[in-house]
Amino acid sequence: MKAIIFFVSLSLLVVTHELGHLLFAKLFHTRVRRFYVFFNPWFSILKAKKFDGKWHFSFFSTTTPEAWNEENLKPEDQDNTMWGLGWLPLGGYCDIAGMVDETKSVDDLASTPQPWEYRTKPRWQRLCIIAGGVLVNFISALIIYTGIFSHWGVDELPLRNAKLGYEYHQILLNEGFQNGDIIYAIDGEEQYDFTSTTQKLILDKPKEVTVMRGDSLVNLTMSKDLLSKIATENPKQIMAARWPFVIKDFAPGSRGKQYGLQPGDSLVSISGVPTPSAVDFTTTLANYADDSVVLGLYRDGSYVEVSALLGSDAKLGIFAEDNMAKIFDVKHIEYTFFQAIPAGISYGWETLVTYVSSLKILFTKGGTKSLGGFITMASIFPDTWDWLRFWNLTALLAVVLAFMNIIPIPGLDGGHIVITLWEMITRKPVNEKVLNVIQNIGMFLLLALMVLANGNDLIRLFGGWFR
């Protein structure tokens, strides 16, 4: 299910990105020969083109019918774009006439520049066409965030409202944290928001963190190489709120239901062993396979004990409540549509700034190990369809895609933008042969980056097999 949800999200982002290029190209009367969602080496799943007053389709084809070629069409149909669906979900492309890119080299261009080609357009128009994909991706993220705020509002968990404290990754446990601690201050500055606190903890290289441990404040001195340790381990979460195990529902044939457990029960101990958090409960329960246990719980404010006999899997067949608002004292903020617009824009911009700041991890020792490919991206999506999480993650990926594409690497939009800006400054065109070489270098770098990122995914996935 993760793969399906990720595929839908990625498809949406590819379409919007390439549409950004197409819209600006059409605006400046530049011919777009092909518009593809996903790549199509060897064959295409679908091709479609309108001419002679009707749509024509081709399925699972390795070649394009000759009747579809521009030279065989009427003049009024020659500007029509061929729409395609490839089979390799690694992106997509917008084949703009007269442009050296991933779809063609300088040798593929017509010997005589045409007025409807990219290379004959004024440089400012070319800049708009190239930047169109990045612009539309970022605007899409802002629109999505606006829609989220307007429809769902926002649930915020104030840092100290997690009464059971937080679970910490082993990296932080090695720094002196203990599960159940609540971060009170970082380098003397009091903290109140979970998201900003985790960002400061990871990215700001703090020297001292003050935590609330029980009724006391404890100062912890952080290692100078904390960021490098995080980059090397690349944990999914560095800290998370400790949730009590409150029963939400039962699995079919649940032992827990058989022995009298009820939705809303808050489980706090197993045979006298305290289990304040859901993690504590599930970890402790695993020790009682084929054994009887006494479950301590709170029901409607009263303490109750329930006896149960576990099977060989040491499971009760119960599901924990996962709605934060039902567990914690959250701060819910409602927005009208017009209030959501500036809030969505502000949040989108903050997301971009945070993402750019996080890239400093790549420049630490072992930082390249933190790179992730398609498996990493898919892993952040939920196992079941959830509209709120889907749109939140799609907006986040839209921000990431917008920034990644503007990096000045040849082959990416950012590389083309730099070349166009250079031409605007020097008022001289870059030689097409040079463009071809730059494009080839860029594609090599991109492929190497893709191999590194997806290679890291495979090492994380299968590395344990070879130890």
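Only a predicted model underlies this, so the values are computations on that prediction, with no experimental measurement involved.

K.L.:
Mind laying out the pattern of salt bridges, listing which residues take part and the relevant values?
P.N.:
All chains considered together, the criterion is met by 17 salt bridges. Salt-bridge contacts for Glu 423 lead to Arg 123; the nearest nitrogen and oxygen are separated by 3.6 Å. Residue Glu 423 is found in helix H12 (residues 413-426), and its partner Arg 123 is found in helix H2 (residues 123-151); the two are separated by 300 residues along the sequence. Glu 423 sits in the buried class, given a relative accessible area of 3%.

K.L.:
Help me get a handle on the packing of helix H1 (residues 2-27) against H2, residues and values and all.
P.N.:
Contact pair H1 / H2: the axes reach a minimum separation of 7 Å and the direction vectors enclose 140°. When the axis of H1 is compared with that of H2, the two are oblique. Crossing of H1 over H2 shows right-handed handedness. Counting all contacts with H1, which are made through Leu 13, Thr 16, His 17, Gly 20, His 21, Phe 24 and Ala 25, the residues of H2 involved are Cys 128, Ile 129, Ile 130, Gly 132, Gly 133, Val 134, Leu 135, Val 136, Asn 137 and Ser 140. For the contact of H1 with H2, the residue count by class is nine nonpolar, eight polar and no charged.

K.L.:
Talk me through a negative patch on the surface; I want residue IDs and the actual numbers.
P.N.:
Residues Asp 155, Glu 156, Asp 193 and Glu 334 make up a contiguous surface patch of negative charge. Tracing the sequence through the fold places Glu 156 in strand E6 (residues 154-156).

K.L.:
Report on the side chain of Glu 321, specifying residues and quantitative values.
P.N.:
Within the secondary structure, Glu 321 sits in the loop between strand E18 (318-320) and helix H8 (324-327). Here Glu 321 is buried and forms no salt bridge, its nearest opposite-charge partner Lys 326 lying at an N-O distance of 4.4 Å. Within polar-contact distance, the side chain of Glu 321 engages the backbone nitrogen of Asn 323 at 3.0 Å. Leave out the neighbours within four places in its chain, and Glu 321 touches Trp 243, Val 246, Lys 248, Lys 326 and Ile 327.

K.L.:
Run through the sheet that holds strand E3 (residues 54-61), naming residues and quoting values.
P.N.:
In spatial order, the strands read E3-E2-E4-E1-E5; together these five strands make up an open sheet with mixed pairing. Unpaired on one side and paired on the other, E3 and strand E5 (88-96) mark the two borders of the sheet. Taken pair by pair, the neighbouring strands of this sheet meet at an average axis angle of 15°, ignoring direction. Sheet topology places strand E1 (residues 32-39) next to E5; six bridges connect them, and they run antiparallel. Across the sheet, residue Phe 35 finds its bridge partner in E5, namely Cys 94. Packed on one face of the sheet, H1 meets E1, strand E4 (82-85) and E5 and runs near 165° to E1.

The rules we used
Residues numbered from 1 in each chain as written. Predicted model: local features only at pLDDT ≥ 70, side-chain atom pairs only at ≥ 80, totals over all residues. Heavy atoms only, no water. Salt bridge = Lys/Arg side-chain N within 4 Å of Asp/Glu carboxyl O. Helix = DSSP H or I, 4+ residues; strand = E, 2+ residues; numbered from the N terminus. Buried < 20%, exposed > 50% of the residue type's maximum accessible area, 1.4 Å probe, protein only. Axes fitted to C-alpha atoms, helices over the stretch in contact; angles between N-to-C directions. Parallel < 35°, antiparallel > 145°, perpendicular 65-115°, else oblique. Left-handed = near helix turned anticlockwise from the far one by under 90°. Contact = heavy atoms within 4.5 Å. Nonpolar A, V, L, I, M, F, W, Y, C, P; charged D, E, K, R; others polar. Patch = residues over 30% accessible without salt bridge, like charges linked within 9 Å, V, L, I, M, F, W, Y side chains within 5 Å. Areas by Shrake-Rupley, 256 points an atom, 1.4 Å probe, with all protein chains shown as cover. Lys, Arg positive; Asp, Glu negative; His and termini not counted. Charge placed at Lys NZ, Arg CZ, Asp CG, Glu CD. Polar contact = N/O pair within 3.5 Å; in protein donor to acceptor, adjacent residues only side chain to side chain. Pairing = 2+ DSSP bridges.

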